[in-house]
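Descriptive analysis of the structure
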Amino acid sequence: MIMFITLMITLWSLICLSCSSIIMIWVCMEMVSFFFFPVLLNNNWGSVSLKVSVWKFFFIQGLSSMILFLSLMYYSFFDISLNLSYLMVLSILLKMGLPPFHKWMVEVSENISWRSFYIMNVIQKFPPLLVLMVWLDNSNFLLFYSWISCLFSIYGIFCHSVRQFMVYSSIMNISWMIYSINVGFKPFLMFFLIYSILMVFTTVHFHNFNAKSAEFNDFGVGGKYSTTFRLSFVFCILSLMGMPPFVGFYPKIFIIHNSTNFIDCFPLLLFSIIMVYSYLKIIFGFIILNGLNLKSYYKLNSFMSFIVP
């Protein structure tokens, strides 16, 4: 049943590609949110934090949809040419959980399953990004906002939770997608498809770790994983980092190659390099702590706390 609902969410997101009206894309976004609720409810509903997260998600999506719909009605009523107003842009940013409205996304992502995490941070963001691409005719705003968004993603290096960091990693990659809107549809679609595939494999690995809110310093403790599993996980993280010659490197270099001005994408490159620190923490923590039993881990953790207070 959950697989069928996930398929419907993906289908409604892809239908947006054939929509010629922003109203129809709005309907698709609402259908995606509607089908996402059963996926959220499939989690541990007995948890109080999950109940708060579900209601928070419901409130944010409802508020952003109401603002977007009222803005569309205003434009239609006064017969104004449809170029996204800043109020509509704010509603889309709120719906996607992008800066400065990203805190709810961080808090909700902390209490849901990795399947729900993938849907909320990847699939659900495609229709709003398509709205920005087709109906926002302001390249300077997109360029400036991509810089601001990747600046906010730097908060990821201060996170102790893997889930929180992955949210900020998503914000960083969405910043690249927003910048690629100025470059063209082909770079945008290429980046989104490759990022979506990489996140599928990454979230599957996290699910197999059975890590709901794993900390960086205890990631992979107590697990006995095969060499193939460990290598594939490391390759996924390196690809998300955008390290050559891994898959995640090519969409970024393709965007830079097709960009008219290298200076415009320099902030994105700079902040991406800064984020490498946290990606390496995940890899090194997994490699060093993998296979340790809890007793050995506590001894190592106590020793490191004594050396580095």
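The shown structure was predicted, so the numbers you read here are calculated from the model rather than taken from an experiment. (Residues numbered from 1 in each chain as written. Predicted model: local features only at pLDDT ≥ 70, side-chain atom pairs only at ≥ 80, totals over all residues. Heavy atoms only, no water.)

Looking at unusual backbone geometry
Residue Pro99 is joined to Pro100 through a cis peptide bond whose omega torsion reads 5 degrees. Positionally, Pro100 belongs in the loop between α4 (86–96) and α5 (103–109). Here the amide bond leading from Pro244 into Pro245 is cis, since omega sits at 0 degrees, within 30 degrees of zero. Examined against the element boundaries, Pro245 turns out to sit in the loop between α11 (227–241) and α12 (249–258). (Helix = DSSP H or I, 4+ residues; strand = E, 2+ residues; numbered from the N terminus.)

Let's talk about the state of the cysteines
Throughout the structure, instances matching the rule amount to zero disulfides. Left unpaired, Cys28 is separated from the closest cysteine sulfur, that of Cys16, by 4.0 Å. Classification of Cys28 by relative accessible area gives buried; the value is 1%. (Disulfide = S-S within 2.5 Å. Buried < 20%, exposed > 50% of the residue type's maximum accessible area, 1.4 Å probe, protein only.)

Notes on the pattern of salt bridges
What the rule picks out here adds up to two salt bridges. One salt bridge connects Lys95 with Glu30, and the closest N-O pair in it is separated by 3.4 Å. One end of the pair, Lys95, is in helix α4; the other, Glu30, is in helix α2 (residues 22–41), and 65 residues separate them in sequence. When its relative accessible area of 8% is taken as the criterion, Lys95 is described as buried. On the accessibility criterion, Glu30 (23% relative accessible area) is partly exposed. Across the salt bridge formed by Lys56 and Glu107, the nearest N and O atoms sit 2.4 Å from each other. Here Glu107 lies in helix α5 and Lys56 lies in helix α3 (residues 48–77), a separation of 51 residues in the sequence. (Salt bridge = Lys/Arg side-chain N within 4 Å of Asp/Glu carboxyl O.)

Points about the packing of helix α10 (residues 185–209) against α11
α11 packs onto α10 with a crossing angle of 135 degrees between their chain directions and a minimal axis gap of 10 Å. Considering the angle they form, α10 stands oblique to α11. With respect to the hand of their crossing, α10 and α11 are arranged in left-handed fashion. Contacts between α10 and α11 involve Tyr195, Leu198, Met199, Phe201, Thr202, His205, Phe206, Asn208 and Phe209 from the former and Phe229, Ser232, Phe233, Cys236, Ile237, Ser239 and Leu240 from the latter. (Axes fitted to C-alpha atoms, helices over the stretch in contact; angles between N-to-C directions. Parallel < 35°, antiparallel > 145°, perpendicular 65-115°, else oblique. Left-handed = near helix turned anticlockwise from the far one by under 90°. Contact = heavy atoms within 4.5 Å.)

Concerning α12
A turn of α-helix holds 3.6 residues, and therefore any two residues three or four places apart point the same way. Of all the residues in α12, the buried ones are Pro251, Lys252, Ile255 and Ile256. End-on, the buried residues of α12 take up no more than an arc of 135 degrees, which puts them together on one face. (Arc of directions from axis to C-beta.)

Focus on the packing of helix α6 (residues 114–121) against helix α9 (residues 162–183)
Packed helices, taken two at a time, are described by the angle between their axes plus the distance between the axes. It is at 11 Å that the axes of α6 and α9 come closest, and there the two elements cross at 20 degrees. Between α6 and α9, the crossing angle belongs to the class labelled roughly parallel. Of the two elements, α6 crosses α9, and the hand of that crossing is right-handed. Touching Trp114, Phe117 and Asn121 of α6 are Arg163, Met166, Val167 and Ser170, all from α9. In terms of residue class, the contact of α6 with α9 is built from four nonpolar, two polar and one charged. (Nonpolar A, V, L, I, M, F, W, Y, C, P; charged D, E, K, R; others polar.)

What about the environment of Ser113?
On the secondary structure map, Ser113 appears in the loop between α5 and α6. You can call Ser113 partly exposed: its relative accessible area is 26%. Between the C-alpha atoms of Ser113 and Leu40, which are 73 residues apart in sequence, the distance is 8.0 Å. Among the polar contacts listed, one links the side chain of Ser113 to the side chain of Ser116, at a separation of 3.1 Å. (Polar contact = N/O pair within 3.5 Å; in protein donor to acceptor, adjacent residues only side chain to side chain.)

Describing the side chain of Ser161
By the secondary structure assignment, Ser161 is in the loop between α8 (139–152) and α9. Given a relative accessible area of 4%, Ser161 falls into the buried group. There is a polar contact of 3.1 Å between the side chain of Ser161 and the side chain of Glu110.

A look at the nonpolar core
Most often, soluble globular proteins keep nonpolar side chains buried together rather than apart. Membership of the largest hydrophobic core comes to 99 residues, with the highest contact counts inside it found for Ile9 and Met166. Considering every element that reaches this core, the biggest residue donor is α9, with 13 residues. Apart from residues no more than four positions distant in its own chain, Met166 is found in contact with Trp114, Phe117, Met199, Thr202, Phe206 and Leu240. (Core = buried A, V, L, I, M, F, W, Y, C linked by side-chain atoms within 4.5 Å.)

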